[in-house]
Amino acid sequence: MPQLFTVGRFADETSRRRTALTAQVLQWALDAELSDPIRCVDDLLRASEPDLPRLRRAEATFGTGTAARLTVTVRVPFDGDGRFFASRPGRAPDADPPVGDWGRRADGGPVLRLPENFAPDVDAGTVRIWAGRAVDAVEQHLTALRVEAAEQSARLSADLVDLARRRAADLARRQVLQEELGVGI
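Residues numbered from 1 in each chain as written. Predicted model: local features only at pLDDT ≥ 70, side-chain atom pairs only at ≥ 80, totals over all residues. Heavy atoms only, no water.

Participant: What is the right way to read the overall build of the protein chain from this model?
Facilitator: A tally of regular secondary structure across the protein chain gives 3 helices and 7 strands. Counting from the amino terminus, helix and strand elements in the protein chain follow one another as β-α-α-β-β-β-β-β-β-α. In terms of overall size, the protein chain is more extended than a compact globule, its C-alpha atoms giving a radius of gyration of 24 Å where 185 residues would be expected to give roughly 16 Å. Taken along its principal axes, the extent of the C-alpha atoms in the protein chain is 95 × 35 × 25 Å. Across the 185 residues in the protein chain, those meeting the buried criterion constitute 36%. Intrachain contacts of the protein chain at a sequence separation of at least 6 include 74% that bridge at least 24 residues. Summing over all exposed atoms, the protein chain offers an accessible surface of approximately 11000 Å²; the carbon and sulfur share of this is 52%. (Helix = DSSP H or I, 4+ residues; strand = E, 2+ residues; numbered from the N terminus. Rg over C-alpha atoms; globule rule 2.2 N^0.38 Å. Buried < 20%, exposed > 50% of the residue type's maximum accessible area, 1.4 Å probe, protein only. Contact = heavy atoms within 4.5 Å. Areas by Shrake-Rupley, 256 points an atom, 1.4 Å probe, with all protein chains shown as cover.)

Participant: Quick question: what am I supposed to make of the nonpolar core here?
Facilitator: A general tendency of soluble globular proteins is for nonpolar side chains to be buried together. Residues Leu 55, Phe 85, Leu 112, Leu 114, Trp 130 and Val 138 are the most contacted members of the largest nonpolar core, which totals 23 residues. Those elements giving two or more residues to this core turn out to be β4 (70-79), β7 (110-118) and α3 (124-181). A total of 9 residues in this core trace back to one element, the largest contributor, which is α3. Ignoring anything within four residues of it in the chain, the contact list for Trp 130 reads Val 72, Val 74, Leu 114, Pro 115, Glu 116 and Phe 118. Within the second largest apolar cluster, 15 residues are counted, among which are Val 25, Val 41, Leu 163 and Ala 164. (Core = buried A, V, L, I, M, F, W, Y, C linked by side-chain atoms within 4.5 Å.)

Participant: So what exactly am I meant to see when it comes to unusual backbone geometry here?
Facilitator: If a residue is not glycine, its phi is most likely negative; likewise, a peptide bond is most likely trans. Even without a glycine there, the phi angle at Phe 5 is positive, about 60°. Tracing the chain through its elements places Phe 5 in the segment before β1 (8-9).

Participant: When you look at the packing of helix α2 (residues 37-48) against α3 in this model, what are you seeing that I'm missing?
Facilitator: In helix packing, the relevant descriptors are the interaxial angle and the interaxial distance, both defined with respect to the helix axes. The geometry of α2 relative to α3 is characterised by a closest axis approach of 9 Å and an angle of 140° between their N-to-C directions. One finds that α2 runs oblique with respect to α3. Judged by the sense of rotation from one axis to the other, the crossing of α2 with α3 is right-handed. Along the contact surface, α2 presents Pro 37, Ile 38, Val 41, Asp 42 and Leu 45, while α3 presents Ser 153, Leu 156, Ser 157, Leu 160, Val 161, Ala 164 and Arg 165. Class assignment for the residues of the contact of α2 with α3 results in 8 nonpolar, 2 polar and 2 charged. (Axes fitted to C-alpha atoms, helices over the stretch in contact; angles between N-to-C directions. Parallel < 35°, antiparallel > 145°, perpendicular 65-115°, else oblique. Left-handed = near helix turned anticlockwise from the far one by under 90°. Nonpolar A, V, L, I, M, F, W, Y, C, P; charged D, E, K, R; others polar.)

Participant: Mind showing me how you'd approach the pairing of β7 here?
Facilitator: Successive side chains on a regular strand alternate, one facing one side of the sheet and the next facing the other. Two strands pair when backbone bridges link them, and β4 and β7 are joined in this way by 8 bridges, in the antiparallel orientation. From the neighbouring strand, Thr 71 faces β7, where its bridge partner is Asn 117. (Pairing = 2+ DSSP bridges.)

Participant: In this structure, what is going on with α2? I would like to understand it.
Facilitator: Three- or four-residue spacings in an α-helix give side chains the same orientation, since the helix completes a turn every 3.6 residues. With 12 residues, α2 extends 16 Å from end C-alpha to end C-alpha; this agrees with the ideal 16 Å at 1.5 Å per step. Every buried residue belonging to α2 is among Pro 37, Cys 40, Val 41, Leu 44 and Leu 45, and all of these are buried. Along the axis of α2, the buried residues cluster in a sector spanning 135°; they form a single face. For α2, exposure combined with an orientation more than 90 degrees from the buried face picks out Arg 46 and Ala 47. Elements that come into contact with the buried residues of α2 comprise α1 (10-25) and α3. (Expected span 1.5 Å × (residues − 1). Arc of directions from axis to C-beta.)

See the structure below:
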């Protein structure tokens, strides 16, 4: 299994979001979205926010499998988009990201799977301590992603409002020019 939070940079997701939202703002019309750019930018940002996972720790379950060695897997249901478990935060926490993956549970809901090998005589307390630390490490990485997302959204909001205002001014100038040109030469 791969180590979580190591495949892609969260900044790449932010860059794709910035590009897509900038293109949208550049399509806005003077009479519609550009009449209230702050509200429209807020709506646009809210609709495009990354759906970072939120773990449901209280619903975690354990499985031991049937292989010769004892591997315990803690399965933690979550809400949100699991692909962010692969995203590396710009400022990673001190905790190393655990090994794991995500997918669907038998009942269809998304689940994070964190496996660990143990000695055959391991007790439940030891497994629970390990599971708590592993899930804490995941939470620390998700918190780092949330902080980064909030910072990026604030910068993006300011940039998009500025872009929308410049677009409104440009369209207003064009409208005045069109009216001044009128018909005929």
